[in-house]
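Structural overview for review
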Amino acid sequence: MQLQLFIPGKNWRLSLAELDSLLEAKGVKFAVHSFSKEFLVISTERKVPSSIIDDLGGTIKIGVTAADFSTEIVKRAFLQKEKEAQEQISRKIAVSGLVDEMGNAESEKTLFGVSVYCAEKPLRSVSKTIQRFIGSSIKRELSGYGKKSKFMGFAKSRRLPQLSHVEVLKKNFVENKAEILFCVGREQTFVAATVAVHDPFEFQKRDVGKPVQRKIFAIPPRLARIMVNLAACTEGKTLLDPFCGVGTVLQEALLSKVKAIGVDINRWCVEATSRNIEWLKHEYMLENADYGVLQGDVYKLSQKIGWEQVDGVATEPDLGPALRQIPTTSYALRIAEKLEPLYFGLLEEAYKVLKTGGRLVLVSPWIKTRSGKPITMGIEKKALETGFKRVYPFKREFFAENAAAPENLMSMASLVDAEERHKIGRQIHIFQK
Ligand SMILES: C[S@@+](CC[C@H](N)C(=O)[O-])C[C@H]1O[C@@H](n2cnc3c(N)ncnc32)[C@H](O)[C@@H]1O
């Protein structure tokens, strides 16, 4: 059994849901052992290739664990400052094999870094002390091998002792196996070497580097990729975005080797999407990318596409007007009501064009209000009336038997992605025909 660590992006629930969905769609047997906003621990029969990071929109780093032990030891070592517990941790690291593999054979000095991810609150305040301690233990170990080393320190002002993905990329820490992840869970602590790191420049390039952009309407490429994965669309499948805009979801689908079909009512969008996809094909050498973009109205989608044609639909129709301030409940209700026909029309038509078993991943508005209670649309009720089944993002069978308290996650029927600065967030639903 392989234990792998995944450092999630900003919205860890979305990251975990994406990972579960992709592993399930790829037929990988897995179990979630531990989850928190800091890190996720997944076991698989065989090691998942580190290249999976390129398929994921919500994972920042992947590590392969080399040691794990009870968090009690970490508490004794750093809260009670027990020497014996500290030595125990140093020994665990020494025998983990992590140090043997570290460094670049051609370089005289081994540069390495340590990132501490702490899900256990009382230990968070000492996470910088933990980082320095682990760094010193590794340095000592390396000198025992006759290797000179340099421990990459941080500016004091840094809030958390964690290397960013950009730093890991720039210092070649993946190739040199030179970033150690020290992940303190509520019960168990894991030590791992980083084997893959997400490349933010690639997503940025697809966001602001494509020829046609439409900033306020477009979905971030990272979220678009998560939606493709939540739709369980893997290589060879066909995905449709009936509100394709400038083609962000389709781009991410094509990069996952999924066939993509886009529809938009606006002629300008149809042309913009085609231009963006041609650019993508050239930039990413996707000569065989299979796609089509059509002008059409969602209410007549099945006439345009035909019945039972696609494996997945992933789309964001309209989140309502751009708001200057948080609306009152009654105004938010009016926004939701106005959008209802478009969403309900989509549900009916998506059901027709999907093959049996195919998934619909749908973003609807999650409108903040002055009362504090967000307003959402009655999407679920209508979807069930249309014939869809609800897909819970977190199924019981995804969790290891000893995983602590997955019940809160299991009862979630949809996911929410809302940043502090947004007046309208996104509610993400998954349905199956
Ligand atoms: C929120 S935008 C989608 C943005 C897209 N995800 C992107 O990243 O560019 C919604 C799109 O739906 C299109 N649209 C609006 N009403 C439509 C309808 N009845 N049928 C099809 N498309 C429609 C608009 O032209 C717009 O491009």
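Residues numbered from 1 in each chain as written. Predicted model: local features only at pLDDT ≥ 70, side-chain atom pairs only at ≥ 80, totals over all residues. Heavy atoms only, no water.

**Overview of the sheet that holds strand β7 (residues 179-184)**
Note the threshold: For two strands to be treated as a pair, DSSP must find no fewer than two bridges joining them. Strands are runs of DSSP state E lasting at least two residues, helices are runs of H or I lasting at least four, and both sets are numbered from the N terminus onward. Interaxial angle, 0 to 180 degrees, is taken between N-to-C directions of lines fitted to C-alpha atoms, where a helix line uses only the stretch in contact. The contact criterion used is simple: two residues touch if any of their non-hydrogen atoms lie within 4.5 Å.
Spatial strand order, β2-β3-β1-β4-β8-β7-β5-β6: 8 strands in an open sheet with mixed pairing. If you trace the sheet from one side to the other, it starts and ends with β2 (30-35) and β6 (148-151), each paired once. With direction set aside, neighbouring strand axes in the sheet form an average angle of 30°. Pairing of strand β5 (residues 109-118) with β6, which is carried by 4 bridges, proceeds in the parallel orientation. For K109, the partnering residue across the bridge sits in β6 and is K148. Contacts from helix α1 (residues 12-25) reach β1 (2-8), β2 and β3 (40-44) within the one sheet, and its direction differs from that of β2 by about 165°.

**Here we look at the nonpolar core**
Convention followed: The criterion is simple. A nonpolar core is a set of buried Ala, Val, Leu, Ile, Met, Phe, Trp, Tyr and Cys residues joined through side-chain atoms within 4.5 Å. Burial classification: accessible surface area is computed with a 1.4 Å probe over protein chains only, and a residue below 20% of its type maximum counts as buried, one above 50% as exposed, and the rest as partly exposed. Domain start and stop points were drawn from an automatic or database domain assignment.
Counting 89 residues, the largest nonpolar core has L16, L230, L239 and L360 as its most contacted members. Considering every element that reaches this core, the biggest residue donor is helix α12 (residues 329-353), with 10 residues. Composition of this core by domain shows at least three residues from each of domain 1 (2-198) and domain 2 (201-432). Leaving out residues up to four positions away in the same chain, L230 has contacts with L14, A17, E18, S21, R359, V361, L415, I428 and I430.

**A short note on the packing of helix α2 (residues 71-78) against helix α3 (residues 83-95)**
The geometry of a pair of packed helices is captured by two quantities: the angle between their axes and the separation between those axes. Selection rule: Roughly parallel means an angle under 35 degrees; roughly antiparallel, over 145; roughly perpendicular, 65 to 115; everything else is oblique. Crossing handedness is read from the near helix: turned anticlockwise from the far helix by less than a right angle, it gives a left-handed crossing, and turned clockwise, a right-handed one. Gly counts as polar in this scheme, as do all residues outside two lists: the nonpolar Ala, Val, Leu, Ile, Met, Phe, Trp, Tyr, Cys and Pro, and the charged Asp, Glu, Lys and Arg.
Interhelical geometry of α2 versus α3 gives an angle of 125° and a closest axis separation of 7 Å. The orientation of α2 with respect to α3, classified from their angle, is oblique. Judged by the twist between their axes, the crossing of α2 over α3 is left-handed. Contact residues: α2 offers I73, V74, R76, A77 and F78, while α3 offers E84, A85, Q86, Q88 and I89. Its residues placed into classes, the contact of α2 with α3 shows 6 nonpolar, 2 polar and 2 charged.

**Some thoughts on the site of the ligand**
Inclusion rule: If a single non-hydrogen atom of a residue is within 4 Å of a molecule or strand, that residue counts as near it. Between N or O atoms, a polar contact is any pair within 3.5 Å; within protein, one atom must be a potential hydrogen donor and the other a potential acceptor, and residues adjacent in sequence are included only when both atoms are from side chains. For every accessible area listed, the method is Shrake-Rupley and the probe measures 1.4 Å; residues are considered covered only by the protein chains on display.
Close contacts around the ligand come from 20 residues, with R214, V246, T248, D264 and P317 the closest. Between a nitrogen atom of the ligand and a side-chain N or O atom of D297, the distance comes to 3.0 Å. For the ligand, whose unbound accessible area comes to 610 Å², protein coverage reaches 89%. When its residues are assigned to classes, the shell around the ligand shows 12 nonpolar, 4 polar and 4 charged.

**Side note on the domain arrangement of the protein chain**
Stated formally: Reported buried area values correspond to the accessible surface (1.4 Å probe) lost by two parts on association, with both partners' losses combined. Salt bridge criterion: a side-chain nitrogen from Lys or Arg within 4 Å of a carboxyl oxygen from Asp or Glu.
Domain annotation of the protein chain identifies domain 1 (2-198) and domain 2 (201-432). Contacts between the two partners involve 28 residues from domain 1, matched on the other side by 30 residues from domain 2. Summing the contributions of domain 1 and of domain 2, the shared interface buries around 2,300 Å²; its carbon and sulfur component is 62%. It is L14, E24 and F35 in domain 1 that bury the most area against domain 2; as a group they hold 22% of the surface buried on that side. Inspection of the region where domain 1 meets domain 2 yields 3 salt bridges. Measuring nitrogen to oxygen at the nearest pair gives 4.0 Å for the salt bridge that ties K10 to E419. Linking domain 1 with domain 2 are 12 residue pairs in polar contact (both at pLDDT 80 or more), by the criterion used here. When residues of the side of domain 1 that touches domain 2 are assigned to their parent elements, the largest contribution, 11 residues, is made by α1. Partitioned by chemical class, the residues of the side of domain 1 that touches domain 2 number 13 nonpolar, 6 polar and 9 charged.

**Side note on helix α8 (residues 221-230)**
The element α8 is largely enclosed, with a buried count of 9 among its 10 residues. Regarding α8, the residues found buried are P221, L223, A224, R225, I226, M227, V228, N229 and L230. Of the residues trailing α8, A232 is marked for its positive phi of about 60°.

**Describing a positive patch on the surface**
How we decide: The residues that make up patches have over 30% relative accessible area and no salt bridge, and they are joined within 9 Å when like-charged or within 5 Å when they are Val, Leu, Ile, Met, Phe, Trp or Tyr. Here Asp and Glu are counted as negative and Lys and Arg as positive; His is not counted, and neither are the chain ends. Note that the charge is assigned to NZ on lysines, CZ on arginines, CG on aspartates and CD on glutamates.
A contiguous patch of positive charge, built from K109, K139, K148, K150, K170 and K171, is present on the exposed surface. Secondary-structure assignment places K109 in strand β5. Judged by relative accessible area, which is 47%, K109 ranks as partly exposed.

**With respect to the pairing of β3**
Extensive coverage of β3 is indicated by the burial of 5 of its 5 residues. Across the two faces of β3 the burial is the same, with L40, I42 and T44 and V41 and S43 all buried. Judged from the 5 bridges that link them, β1 and β3 form a sheet pairing that is antiparallel. Directly across from L3, in β3, lies its bridge partner S43. Inspection of the sheet shows β2 paired to β3 by 5 bridges, in the antiparallel sense. Counterpart to A31 in the pairing with β3 is S43. A loop of 4 residues connects β2 with β3, the two strands running antiparallel in sequence.

**Remarks on the environment of G425**
Position of G425 relative to the elements: it lies in strand β16 (residues 424-432). Taking the C-alpha atoms as reference, G425 lies 42 Å from A77; in sequence the two are 348 residues apart. In this structure, G425 is in contact with S364, P365, W366, D417 and A418, ignoring residues within four places of it in sequence.

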